[in-house]
Structure formats: C-alpha cells, structure tokens
Amino acid sequence: DDGGTAVAGDFTLQIDGVTSSSGNSFAGVDAPGVDHLLLSIGGYSVGESSPVGYASSFGPDCAGSIALNETKTCTVTNNDIAPTLTVNKIVIPDTDDGRFDLRIDGSVAGSGDDVGDGGTTGAVAVSAGGHLVAESAGPDTSLADYIAVIAGDCAADGSVSLALDDDKVCTITNTKQPKLIVTKVV
C-alpha cells in the first residue's frame, strides 16, 4: 500500500528447531501456503529474511511446540514501510516576514501551511517513487521578491525519489532580492 512491489517469493522463510522433509529454508508462497511435513517434533520457530523496506508480523502458530499428528498454520504478514519526506524553509535574512506554503506533489503538506523562516512540513509519509517539492506564496508574499534554491535530498527542480523506508529532507531557501525604488520628481 506504500509503493512496494515485492511478491511472496521474494521472502525467504526458515523453520528452526525441527526438521522438514522439504528443507528448512524456502521461498514464500501466497495463501493458502505450502505444507511442510515435519520429520521431528518439539519446539520450533518460523523466521524470514525479507527485502529492505518491509516489516514482518508473525501469527501465533509461528512459534511454539508441535506434537505428533498435530497441524499448525503459521501466517507471516509483510507490510511495505512508507518513506517520509520533510521540507524545511530557510528565509534570508531570517528577520524577513515572507510566508510560504510548502508543497509535495502540488498539495500543501504536513505543517507547511503559511510558514516563515524555520518552518517545516515535518516528516510526511509518501509512497515509494518520485515526488516533487515546491512552494507557493503565502498571504502578502510575492515569490518574485525572492531567489529560491531547492537543495538537500532534492534536485534543484524539486524532484526527489524515495525507496521504501527512506527518510529524506529537502530545503527551500528564499533569499530576499534587493529592491531599489526610483522616484522621479519634475
């Protein structure tokens, strides 16, 4: 649900503590799963190695003790871990009263509504893949009055790519341009 593309076969399961007729290490299989005939009885546990970016949870029958003629069903659930993206705001000079809306993929993100120097979106959960960081002017602020630079984990155009379980930070720096007003009196 967060952009992961792994399938059951990408996870390697192992049974520890007892002997299986088909080996104690095997690729995962979607429900209903695969039977493993155990050649020994006693305490056991099921574990797995998984691709980066996935959290595992194990059902109650994934560890314990198994007796003769007993059948147990171990369910292992994997969930892709959403990456997070943080956008920080720097305004130069820091006393400038400019206000900005920090955006991820076109929408104001997290706590990034109408922020000044030191503002941030906070860590925003996004899906794995490409995203675009940008800003818009808040009330009484004109972007034309500033030189904007996007940096950090973002490219200069605001693009950034995140993998599962990534935490990336981008910074938008706005430097107030000097302004000269020339008045002509005749």
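Draft legend 1. Fine view of the nonpolar core. Residues Leu 85, Ile 104 and Val 133 are the most contacted members of the largest nonpolar core, which totals 15 residues. Residue contacts for Val 133: discarding those within four places in its chain leaves Leu 85, Val 87, Arg 103, Ile 150, Cys 154, Asp 157, Gly 158, Cys 170 and Ile 172. One finds Leu 13, Phe 26, Val 46 and Ile 66 within the second-largest nonpolar core, a separate group that totals eight residues.

Draft legend 2. Local environment of the packing of aromatic side chains. All told, the structure shown has two aromatic pairs when counted by the stated rule. Centroid distance Phe 11 to Tyr 54: 5.4 Å. Interplanar angle 90 degrees. Geometry classified as edge-to-face. Remark: Tyr 54 occurs in strand β4 (residues 54–58) and Phe 11 occurs in the segment before β1 (12–16); sequence separation between them is 43 residues. Looking at Phe 11, the relative accessible area reads 6%, which means it is buried. Using a relative accessible area of 15% as the deciding quantity, one classes Tyr 54 as buried. For the ring pair Phe 100 and Tyr 146, a centre distance of 5.2 Å and an interplane angle of 75 degrees mean the geometry is edge-to-face. With Phe 100 in strand β8 (residues 100–104) and Tyr 146 in strand β12 (residues 146–152), this residue pair connects regions lying 46 residues apart in the sequence. What makes Phe 100 buried here is its relative accessible area of 0%. A relative accessible area of 7% means that Tyr 146 is categorised as buried. The ring of Phe 100 has Lys 89 sitting right over it, with the charged end atom 4.4 Å from the ring centre.

Calculation criteria
- Residues numbered from 1 in each chain as written.
- Predicted model: local features only at pLDDT ≥ 70, side-chain atom pairs only at ≥ 80, totals over all residues.
- Heavy atoms only, no water.
- Core = buried A, V, L, I, M, F, W, Y, C linked by side-chain atoms within 4.5 Å.
- Buried < 20%, exposed > 50% of the residue type's maximum accessible area, 1.4 Å probe, protein only.
- Contact = heavy atoms within 4.5 Å.
- Phe/Tyr/Trp six-rings, centres within 6.5 Å; stacked < 30°, edge-to-face > 60°.
- Helix = DSSP H or I, 4+ residues; strand = E, 2+ residues; numbered from the N terminus.
- Lys NZ or Arg CZ within 6 Å of the ring centre and 35° of its normal.

Shape is all these values report; function is a separate question.
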